[in-house]
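What follows is the residue order along each chain.
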Amino acid sequence: QKEVEQNSGPLSVPEGAIASLNCTYSDRGSQSFFWYRQYSGKSPELIMFIYSNGDKEDGRFTAQLNKASQYVSLLIRDSQPSDSATYLCAVKEYGNKLVFGAGTILRVKS
Amino acid sequence: GAGVSQSPRYKVAKRGQDVALRCDPISGHVSLFWYQQALGQGPEFLTYFQNEAQLDKSGLPSDRFFAERPEGSVSTLKIQRTQQEDSAVYLCASSPWTSEDTQYFGPGTRLTVL
């Protein structure tokens, strides 16, 4: 059973701080990794994808991938109350389906 | 442009009833996926279409679940003889034929089985 693990949280950070969200995966052959944001009662919304080891930055968001450690993370700089949501880590398996973690709840306090 | 749409948004069924959930993908998207999301969990894969071909149905939990995409665009997920454990949000996602293969999700259908 291929798995994606996330700390369920909630992770609470003050406004303006850096939020660090982590994810580990079991399939060493995985090549594509995604972070989705899901507000309560809404559908998942893609934030970033990453395929190569290292960092990928997009605005306030940075995704980090370490394939040797089977570890993916998402950093959110200058966290805002509007960033409060559940963050889902997903790994693409052979055949294109996504395997999701259970999600980490982020709360940004103003 | 228009995103993925799903209907109905909410469905209440009595145990034993059949339900049909519809997904309209983004125009021109080749791939279509169905996921099931239980409360407090991440989405779980049900099935995958490439155009009209159902290439993977390994996630369908039982033979009561059936999906089709006869003309390669709109898809329907049908659940026969619904059970209480079928209560969940059913998400549809579509993806263009590109190397990125990013999946774009619809708003979901919340199914409640009483």
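Our structure is the block above this text.
In this text the structure is predicted, and so the values were computed from the model without any measurement. (Residues numbered from 1 in each chain as written. Chains lettered and ligands numbered in written order. Predicted model: local features only at pLDDT ≥ 70, side-chain atom pairs only at ≥ 80, totals over all residues. Heavy atoms only, no water.)

1. A look at unusual backbone geometry
Reasoning step 1: Cis rather than trans, the peptide bond between Gly9(A) and Pro10(A) has omega equal to 10°.
Reasoning step 2: Tracing the backbone through its elements, the reader meets Pro10(A) in the loop between β1 (4-6) and β2 (11-14).
Reasoning step 3: Following Ser7(B), the chain continues to Pro8(B) via a peptide bond in cis, the omega torsion being -10°.
Reasoning step 4: Within the secondary structure layout, Pro8(B) lies in the loop between β1 (5-7) and β2 (10-13).
Reasoning step 5: The phi dihedral of Asp78(A) is positive, around 50°, even though this residue is not glycine.
Reasoning step 6: Assignment of secondary structure puts Asp78(A) in the loop between β8 (71-76) and β9 (85-92).
Reasoning step 7: In the Ramachandran plot, Arg81(B) falls in the positive-phi region, its phi being about 45° despite a non-glycine side chain.
Reasoning step 8: Along the chain, Arg81(B) turns up in the loop between β8 (75-79) and β9 (88-95).
Reasoning step 9: Residue class for Arg81(B) comes out partly exposed when judged on its relative accessible area of 42%. (Helix = DSSP H or I, 4+ residues; strand = E, 2+ residues; numbered from the N terminus. Buried < 20%, exposed > 50% of the residue type's maximum accessible area, 1.4 Å probe, protein only.)

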